[in-house]
Amino acid sequence: MRPETILAFDTSAAQCAAALLCDGKITLQIEPMDKGQAERLVPLLTELLASQRLQWSDLTAIAVGTGPGNFTGVRISVATARGLALGLGIPAIGVTRLEATAFGHPLPITVVEDARRGDVYVQSFTAAGPLPASLAPASDPITGPQTGSGCEGLPEVMPLVEAIARIAASRSASPQPRPAPFYLRGADAAPPSDPPPRILDAAL
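All values derive from a computational prediction rather than experimental measurement.

Rules behind the numbers
Residues numbered from 1 in each chain as written. Predicted model: local features only at pLDDT ≥ 70, side-chain atom pairs only at ≥ 80, totals over all residues. Heavy atoms only, no water. Helix = DSSP H or I, 4+ residues; strand = E, 2+ residues; numbered from the N terminus. Buried < 20%, exposed > 50% of the residue type's maximum accessible area, 1.4 Å probe, protein only. Contact = heavy atoms within 4.5 Å. 1 Å grid on protein atoms, 1.4 Å probe; cavity = no way out; pocket = protein on both sides within 12 Å on 5 of 7 lines; lining within 4 Å. Points joined across faces, edges and corners; volume = space filled by probe spheres on them. Nonpolar A, V, L, I, M, F, W, Y, C, P; charged D, E, K, R; others polar. Core = buried A, V, L, I, M, F, W, Y, C linked by side-chain atoms within 4.5 Å. Pairing = 2+ DSSP bridges. Right-handed = clockwise from strand over helix to strand, strands pointing away. Salt bridge = Lys/Arg side-chain N within 4 Å of Asp/Glu carboxyl O.

Caption draft 1: A look at the overall build of the chain. For the chain, the helix and strand inventory stands at four helices and ten strands. Reading the secondary structure of the chain in the N-to-C direction produces β-β-β-α-β-α-β-α-β-β-β-β-β-α. Each principal axis of the C-alpha distribution contributes one length, and for the chain these read about 70 × 50 × 30 Å. Here the chain holds 204 residues, and the buried ones make up 40% of them. For the chain, the proportion of contacts with a sequence separation of at least 24, taken over those separated by at least 6, is 63%.

Caption draft 2: Spatial organisation of the layout of surface pockets. Size it by volume and the second largest pocket reaches roughly 200 Å³. Ala85, Pro91, Ala92, Arg178 and Pro179 are, among the 13 residues lining the second largest pocket, the residues nearest its centre. Ranked by residue count, the leading element in the lining of the second largest pocket is helix H2 (residues 71-88), at three residues. Grouping the constituent residues of the lining of the second largest pocket by class yields eight nonpolar, three polar and two charged.

Caption draft 3: Fine view of the nonpolar core. Counting 21 residues, the largest nonpolar core has Leu7, Phe9, Leu20, Leu45, Leu59 and Ile62 as its most contacted members. Secondary-structure elements contributing two or more residues to this core are strand E1 (5-10), strand E2 (15-22), helix H1 (37-51), strand E4 (61-65) and H2. Considering every element that reaches this core, the biggest residue donor is H1, with five residues. Residues in contact with Leu45, not counting those within four places in the same chain, are Leu7, Phe9, Ala18, Trp56 and Leu84. In this structure, Leu21, Ala100, Met158 and Ala163 belong to the second largest nonpolar core, which totals 18 residues.

Caption draft 4: Structural view of the pairing of strand E5 (residues 92-95). In terms of strand pairing, E4 meets E5 through four bridges, oriented parallel. Its bridge partner lying in E5, Gly65 is registered against Val95. Taken together, E4, H2 and E5 form a β-α-β motif whose crossover is right-handed.

Caption draft 5: Structural context of the pattern of salt bridges. By the definition in use, this model includes six salt bridges. Between Arg40 and Glu47 there is a salt bridge; the shortest N-O distance is 2.8 Å. Assessed through its relative accessible area of 37%, Glu47 is described here as partly exposed. One salt bridge connects Arg171 with Glu99, and the closest N-O pair in it is separated by 2.6 Å. Of the two residues, Arg171 is situated in helix H4 (residues 160-171) and Glu99 in helix H3 (residues 97-102); the sequence distance between them amounts to 72 residues. Take Arg171: its relative accessible area is 25%, and that puts it in the partly exposed class. The exposure class assigned to Glu99 is buried, which follows from its relative accessible area of 17%. A network of salt bridges, in which partner residues are shared, links Glu31, Arg40 and Glu47.

Structure (structure tokens):
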């Protein structure tokens, strides 16, 4: 039986981040970038595998960050995870940015992540389980222990992509739903203001 080998990645922020969890050992590769994740992601994953002398066929699962975060970045990672999992015949496990940020902290903990435009993503995690996530004004008071980029709380326990890999490892023994983008805010794109083209009747 091959050892558990999970490849995790995340492009929901201004970076291309990957983690390889092999038989309990973690290897990271994180590259800051504002754009170009779509072109860089698969080569980065290939390099990470090669650095540990592993092949794609050695993987037992794929883990992916599903957001919230940059819309395009989230879609890049989720689509890549689904495609790799389908091609390799292994499960793909989605992990939200909020639960990955909370991972490793004593409970209860509230994750407060910067959502820009004066808002934050908020989710509380307790011993009984997570509470629903929400989008809230950054000015709203939040009580109790906190962590995340949207507050001056506890520092991260580990890099986000490592947390994604370790959470996926804890879930790999049971069936998981297909990864899907986790959005708490609508897309920024607006419909075109120009009127649609007029279709002429060819018989005229």
